[in-house]
Amino acid sequence: MKPNAALEGLFNGGNTPKAMKTGTTIAGVVFKDGVVLGADTRATSGEVVADKMCAKIHYISPNIYCCGAGTAADTEKTTDLLSSNLAIYSLNSGRNPRVVMAVNILQDMLYRYHGQIGANLILGGVDCTGNHLYTVGPYGSVNKVPYLSMGSGDLAALGILEDGFKPDLELEPAKELVRAAIKAGIMNDLGSGNNIDICVITKQRVDYIRPYQESQYKDNRKIKYKYRPGMTPFLTEKVVPLKLEVVQESVQKMETA
Amino acid sequence: MEKHCTESRVKGVSTGTTILAAVFDGGVVIGSDSRASMGEEYVSSKTINKVIQVHDRIFCCIAGSLADAQAITKAAKFHLSFHSVQMESPPRVMAAASVLKDLCYKNREELQAGFITAGWDKKNGPQVYVVALGGMLINQLVTIAGSGSTYIYGYIDAKYKPNMTKEECLQFATNALALAMGRDNVSGGVAHLVVVTEKGVEHVVVPGDKLPKFHDE
């Protein structure tokens, strides 16, 4: 990746830090009353799990949410930028943002960077024109679909979605389908794991359920790792006052008239 | 995602494709398959739309990198709409093709997309133009493009006749697409066909199982 090539010079041949990627499973399904988005919560940095409770479903606007796969920093910043721009647009035009506008802004931005921004995004939302689900690739390609999965666990999740998807699902079956798809990704892909987050977007409200299902392999810490101040005994104490020299003094009167 | 693109020359999602357009008596038929691929093995979409409307009676088929093609057609739509407002009349098909050609030629180092532009305008009636990868623009009566087109050159040369009827032309296009999809692994899905005449635009979608079958299927 080009941005990290500049870093390599600084480490004198030692180990450069690897970009934190969300080796991920994310999925989305359009159902009768809206859109359900789902994601796992594992972020990896090489072979180490860097974050066990990573939030991959990002807020874009009150009616639009976005799941991100790829480089964690890129998805985070891209969605933040999109969210700010949409909020400004919404205030200026007096209209609620539409999903298709968010998609167009993302497409323009990612295309300009020719794939250097490693963000694979699933955008879902409900607006006055209906319920929509779009995928945006890192090179700027866009596709509108009724169901979708992305990330390193996408093939496992896609199998579940292809089998279980029907047009106009009810809420509970749609949530269950997305949950099962993410679960398949978690079970069959090393880059995905831990908990499952679900976000249900309908015309009336948004339900961000985090976590929707917790991992059954959670570790239970036996003791606390926080230490009270004063627990470490010390042998000697030496106080050295810091000498300061006044070089220049200027006084400015404050006007409070 | 990276594991899907092994040795693909096109970065990201590619429309390894079959697209065609043919002039008949009174209009044009434009057609494409609906498969988008990443690398040689992964079908990233079975239902991608490759026939894009750039103006009321002008359509564009895309081939090559999906990101590049979508960016170019977006810019083309804007330019055409602006041109149409300035001229206070619908743009000519030649104008649409030229807009695409300009974009492709000026950026030929970075872009990997080719187009077939076809439509109907008041001055010259139905026309078909092909804009190739480097920015070449040629007017033809019938043209094919994309990776699947190599398998149907013989069929097109043998079976195309000028001044066919609409039904004959639709059958010709459907057969051509079916033959190409049958031989090319990166073309497939459904056949999208659009018929443009002076009266209007008609969309025909032929699902995979309703495509014509040939002797070996």
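Residues numbered from 1 in each chain as written. Chains lettered and ligands numbered in written order. Predicted model: local features only at pLDDT ≥ 70, side-chain atom pairs only at ≥ 80, totals over all residues. Heavy atoms only, no water.

**What about the state of the cysteines?**
Residues and elements named next belong to chain B. Scanning the entire structure with this criterion turns up zero disulfides over all chains. This cysteine, cysteine 61, is not joined by any disulfide, and cysteine 60 carries the nearest cysteine sulfur, 7.4 Å off. Classification of cysteine 61 by relative accessible area gives buried; the value is 0%. (Disulfide = S-S within 2.5 Å. Buried < 20%, exposed > 50% of the residue type's maximum accessible area, 1.4 Å probe, protein only.)

**Quick word on the sheet that holds strand 3 (residues 27–32) of chain B**
All names here are of chain B. Pairing is antiparallel across the open sheet formed by five strands, whose spatial order is 11-2-3-12-13. Each of the sheet's edge strands pairs with one partner strand only, and the pair in question is strand 11 (142–145) and strand 13 (201–206). Sheet twist, expressed as the average angle between the axes of neighbouring strands with direction ignored, equals 15°. Where strand 12 (residues 191–197) lies against strand 13, six bridges are found, and the strand directions are antiparallel. What sits directly across from valine 196, in strand 13, is valine 201. (Pairing = 2+ DSSP bridges. Helix = DSSP H or I, 4+ residues; strand = E, 2+ residues; numbered from the N terminus. Axes fitted to C-alpha atoms, helices over the stretch in contact; angles between N-to-C directions.)

**A closer look at the UniProt feature "active site" (unreviewed entry) in chain B**
Residues and elements named next belong to chain B. In this numbering, the UniProt entry assigns the feature "active site" (unreviewed entry) to Thr17. In this fold, threonine 17 is placed in the loop between strand 1 (14–15) and strand 2 (19–24). Looking at threonine 17, its side chain comes within polar contact range of the side chain of aspartate 33, at 3.0 Å. (UniProt positions renumbered as here; feature names shortened; annotations may be inferred. Polar contact = N/O pair within 3.5 Å; in protein donor to acceptor, adjacent residues only side chain to side chain.)

**Some remarks on the environment of Ser250(A)**
For Ser250(A), the location among the structural elements is in the segment after strand 13 (206–213). Along the primary structure Ser250(A) and Met150(A) are separated by 100 residues, whereas in three dimensions their C-alpha atoms are 61 Å apart.

**Structural notes on the packing of aromatic side chains**
All names here are of chain A. This model, assessed by the stated rule, comprises six aromatic pairs over all chains. Ring centres of tyrosine 65 and tyrosine 208 lie 5.9 Å apart, and the angle between their planes is 80°; this geometry places the pair in the edge-to-face category. Within this pair, whereas tyrosine 65 is found in strand 7 (residues 64–71), its partner tyrosine 208 is found in strand 13, the two being separated by 143 residues in sequence. When its relative accessible area of 10% is taken as the criterion, tyrosine 65 is described as buried. (Phe/Tyr/Trp six-rings, centres within 6.5 Å; stacked < 30°, edge-to-face > 60°.)

**Quick word on the sheet that holds strand 12 (residues 196–202) of chain A**
Residues and elements named next belong to chain A. Strand order in this open sheet of five strands is 11-2-3-12-13, and the pairing throughout is antiparallel. Of all the strands in the sheet, just strand 11 (147–150) and strand 13 have a single pairing partner and so form its edges. The sheet shows a mean angle of 15° between the axes of neighbouring strands, direction not considered. One ladder, built from four bridges, connects strand 2 (residues 26–31) with strand 11; its direction is antiparallel. Across the sheet, isoleucine 26 pairs through a bridge with methionine 150, a residue of strand 11. Strand contacts of helix 4 (residues 154–164): strand 2 and strand 11, with the helix running at about 165° to strand 11, the strand carrying the most contacts. (Contact = heavy atoms within 4.5 Å.)

**Some details on the interface of chain B and chain A**
On the side of chain A, 19 residues touch chain B, which itself brings 18 residues to the contact. Roughly 1500 Å² of surface becomes buried between chain B and chain A when both sides are summed, with 49% attributable to carbon and sulfur atoms. The tally of links from chain B across to chain A stands at two salt bridges. Here chain B is connected to chain A by eight residue pairs in polar contact (both at pLDDT 80 or more). Looking at the side of chain B that touches chain A, the elements that each hand over two or more residues are strand 5 (42–45) and helix 1 (66–87) of chain B. If one sorts the elements of the side of chain B that touches chain A by residue count, helix 1 of chain B sits on top with six residues. Among the residues making up the side of chain B that touches chain A, the classes are represented as eight nonpolar, four polar and six charged. (Buried area = accessible area lost by both parts, 1.4 Å probe. Salt bridge = Lys/Arg side-chain N within 4 Å of Asp/Glu carboxyl O. Nonpolar A, V, L, I, M, F, W, Y, C, P; charged D, E, K, R; others polar.)

**A closer look at the UniProt feature "active site" (unreviewed entry) in chain A**
All names here are of chain A. Look at the UniProt record and you will see "active site" (unreviewed entry) annotated at Thr24. Residue position: threonine 24 is located in the loop between strand 1 (21–22) and strand 2. Take threonine 24: its relative accessible area is 0%, and that puts it in the buried class. Residues in contact with threonine 24, not counting those within four places in the same chain, are Asp40, Arg42, Lys56, Gly68, Ala69, Met150, Gly151, Ser152, Gly153, Asp189, Gly191 and Ser192.

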